[in-house]
Amino acid sequence: MLGPDSRYRSPETHLESAAKAENPCDHCLSHWLQVVDISNPQQPTLDATLFDYVDSQYTVALAGSYLLSTEADGGLAVYDVSKKGGLLPNYLEAPSSGATPGIPAFAQAANATNLYFAVANAVTGGGVLAYDTSTTPPTPVGNFSTGFSLCQALALSSNYLYVGAVDSLRV
Amino acid sequence: MATSGTWLFAGTVDDRLLVYDISQPTTPSQKVSLNLPGLPIEFAVSGNLLLVADSTAGLLIYNVTTPAAPVLLSQTTPSTSVTDVAVDGNLVLLAAWDGGLVVVDFTNPAAPQMVGQAKLDTIDPYAAYQSFLLNKAATVTVLNKIAFVGVYNADTNDPPENGNGMIYGFDYSEPSEPRLVYLGANGVIADAILTMRSFGGRLFAGGTSTLIEFDSSQPRNVVNLFFPPNALRPPLNPARSPRTARRSPAGLRQPAIGKKFRLPMRRKYDAALR
């Protein structure tokens, strides 16, 4: 029906939807569309993001491999949805909300097995979060706090992690 | 910070480059303290070269063949602050704040050449709304010839608008003409993306609110093929636009935690914000 991607080709066997994004941040505005493959209704998968910097989309219509969208200030937009695309997020940590503090991260370092984030929050303090990268997304395996010495830089050398905090270098 | 062999290079908030001998890893020994013209924000090592994103002072390139005696080879100032560097061969890609993405050829590190630039505001059809650019290029990483630029959204309004922690992806196969191939992640990270890095073909981002791995197997997104000419657009009147009207409900307000981020964030980007 829609183009070379077989998932979109047959409306009889595959359903497709272009749904208005459900923004993970309740305080953020939506400026994009997401294309969700619902060929397996029990396991819908995010297939593509469409974004043009314009505005939230109110209504959409499919015409062949094109998606027509009315976009308030942006007027009419036409998207080519024949190919999937866009970076799709996997959260290592849940995004913040009004009730849940987020994790501001300033730096990263990684070796073959682990990923480290330097985090710094003026309220809750700073530290390093460690993740196992054998999974996707990486899973938490440890952390240590530097208290209110906020971490802003990281570097790895062999088995040692160097942590640049505001007032000191820690190994 | 960055390491090279048994040496560690670190920047300080009082504009210095420190070089440590880490041959005894648990007892780093400081060998050098060098005053820099700007605030060193990020480092990259390429062979015997140390590249420094030195905020308002631009890109500094040091010869660190003798790490205990760095030699400044060049200073490249793209007229905006430089907050991050990523190296790909003889190219260094800069997150250049108001300047967007800047591509520098450092084949001759003593005389690097700025060969390309992609300013972020030129892509925003609503740039005319603002008296200043909201999205600042804060961090950059490269993956498969695409430079992913994470932005710091400098919008002081509440709630934030115009993109939040956006990611721009530029194909720099032709360095003189970086081409936008991805624009997205809007709202996935509120306010700002402060670090983007690729490790082992995987792409990670951290910002003011969360940590994310992005599936980069499909880095290019589908984009708007058609944007109506001015004559066909509705009037640009933010005060009356439906967009603005939707911002007014209390449910759209930025949570208080967002404000708490600003202290450490500004400390890191202090020079850039000056």
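Nothing here was measured: the structure is a model prediction, and the numbers come from that model.

## Details of the overall build of chain A
Each helix and strand in chain A was counted, giving 0 helices and 14 strands. Going residue by residue from the N terminus, the α and β elements of chain A occur as β-β-β-β-β-β-β-β-β-β-β-β-β-β. Taken across its 171 residues, chain A has 46% of its residues classed as buried. Taking all contacts inside chain A whose residues are at least 6 apart in sequence as the whole, residues at least 24 apart take part in 30%.

## Thoughts on the overall build of chain B
What chain B contains, in helices and strands, is 4 helices and 20 strands. When burial is assessed residue by residue, chain B has 52% of its 274 residues classed as buried.

## Topic: the sheet that holds strand β14 (residues 146-153) of chain B
Residue and element names in this part refer to chain B. The strand order across the open sheet formed by 4 strands is β13-β14-β15-β16, and the pairing between neighbours is antiparallel. One side of each edge strand has no neighbouring strand; the edge strands of this open sheet are β13 (135-143) and β16 (179-184). With strand direction ignored, the average angle separating the axes of adjacent strands in the sheet is 25°. Sheet topology note: the β13/β14 ladder contains 8 bridges and is antiparallel. In the sheet register, V140 faces β14, and the bridge partner there is V149.

## What about unusual backbone geometry?
Along the chain, T136 of chain A connects to P137 of chain A via a cis peptide bond; the corresponding omega equals -5°. When you line up the elements, P137 of chain A lands in the loop between β10 (125-132) and β11 (139-147). Here the phi dihedral of N144 of chain B falls at roughly 50°; this positive angle occurs in a residue that is not glycine. With respect to the helices and strands, the residue N144 of chain B is situated in the loop between β13 and β14.

## Details of the environment of Y182 of chain B
Relative to the helices and strands, Y182 of chain B is located in strand β16. Looking at Y182 of chain B, the number of C-beta atoms within 10 Å reads 26, which means it is buried. For Y182 of chain B and T76 of chain B, which are 106 residues apart along the polypeptide, the C-alpha to C-alpha distance reads 27 Å. What Y182 of chain B contacts, discounting residues up to four positions off in sequence, is G86 and L87 of chain A together with I167, Y168, G169, P219, R220 and N221 of chain B.

## Quick notes on the sheet that holds strand β5 (residues 42-46) of chain B
Residues and elements named next belong to chain B. Overall, antiparallel pairing links the 4 strands, which are arranged β5-β6-β7-β8 in an open sheet. At either end of the open sheet lies a strand with only one pairing partner, and these are β5 and β8 (71-76). The average undirected angle you get between the axes of adjacent strands in this sheet is 20°. Sheet topology places β5 next to strand β6 (residues 49-53); 5 bridges connect them, and they run antiparallel. Of the residues in β6, the one forming a bridge with E42 is A53.

## Description of the nonpolar core
The biggest cluster of nonpolar side chains holds 99 residues, and the ones touching the most others in it are A118 and L154 of chain A together with L94, L101, V140, A147 and V149 of chain B. What V140 of chain B contacts, discounting residues up to four positions off in sequence, is D84, A86, L93, L94, A95, L101, A147, F148, V149 and M196 of chain B. Of all hydrophobic cores here, the second largest spans 8 residues; its members include L33, L67, Y79 and V81 of chain A.

## Structural notes on the confidence of the model for chain B
All names here are of chain B. On average, residues of chain B score 79 in pLDDT, and 71% of them reach the 70 mark or higher. The element-level mean pLDDT for chain B is lowest in helix α2 (residues 256-260), coming to 31, with strand β7 (residues 59-63) highest at 98. Here residues 269-274 is modelled with pLDDT under 50, and outside its nearest four sequence neighbours on either side it reaches 13 contacts, counting other chains as well.

## Focus on the pairing of strand β10 (residues 91-95) of chain B
Residue and element names in this part refer to chain B. Among the 5 residues that make up β10, 4 are buried, leaving the element largely enclosed by the rest of the structure. Of the strand pairs in this sheet, strand β9 (residues 84-88) and β10 are connected by 5 bridges, and their pairing is antiparallel. Looking at β10, one finds that D84 is bridged to A95. Between β9 and β10, which pair antiparallel one after the other, the connecting turn spans 2 residues, and G89 there sits at a positive phi close to 65°. Sheet analysis places β10 next to strand β11 (residues 101-105), joined by 5 bridges and oriented antiparallel. Considered in β11, the bridge of L91 is made with D105. Connecting β10 to the next strand, β11, in antiparallel fashion are 5 residues, including W97 with a positive phi near 50°.

## Describing the pairing of strand β6 (residues 76-80) of chain A
Residues and elements named next belong to chain A. Of the two faces of β6, the one holding A77 and Y79 is buried and the one holding L76, V78 and D80 is not buried anywhere. As judged from the 5 bridges shared by strand β5 (residues 66-70) and β6, these two strands associate in the antiparallel manner. Each bridged residue has a counterpart across the sheet, and for Y66 the counterpart in β6 is D80.

## So, the confidence of the model for chain A
Here chain A shows a mean pLDDT of 71. Residues at 70 or above account for 68%. Considering each helix and strand of chain A separately, the mean pLDDT is smallest for strand β1 (residues 16-20) of chain A, with a value of 33, and largest for strand β13 (residues 160-165) of chain A, with 93.

## Observations regarding the environment of S157 of chain A
Examined against the element boundaries, S157 of chain A turns out to sit in strand β12 (residues 151-157). Sequence separation between S157 of chain A and N111 of chain A is 46 residues; the distance between their C-alpha atoms is 9.1 Å. Residue contacts for S157 of chain A: discarding those within four places in its chain leaves Y162 of chain A together with T3, L8, I22 and P25 of chain B.

## Section: the environment of Y162 of chain A
Among the secondary structure elements, Y162 of chain A is positioned in strand β13. Through-space distance from the C-alpha of Y162 of chain A to that of P44 of chain A is 42 Å; in sequence the pair is 118 residues apart. If we ignore the near neighbours within four places in the chain, the residues touching Y162 of chain A are L154, A155, S157, L169 and V171 of chain A together with M1 and L8 of chain B.

About the cut-offs
Residues numbered from 1 in each chain as written. Chains lettered and ligands numbered in written order. Predicted model: local features only at pLDDT ≥ 70, side-chain atom pairs only at ≥ 80, totals over all residues. Helix = DSSP H or I, 4+ residues; strand = E, 2+ residues; numbered from the N terminus. Buried ≥ 20, exposed ≤ 12 C-beta atoms within 10 Å, placed from the backbone. Contact = placed C-beta atoms within 7 Å. Pairing = 2+ DSSP bridges. Axes fitted to C-alpha atoms, helices over the stretch in contact; angles between N-to-C directions. Core = buried A, V, L, I, M, F, W, Y, C linked by C-beta atoms within 7 Å. pLDDT = per-residue confidence, 0-100.

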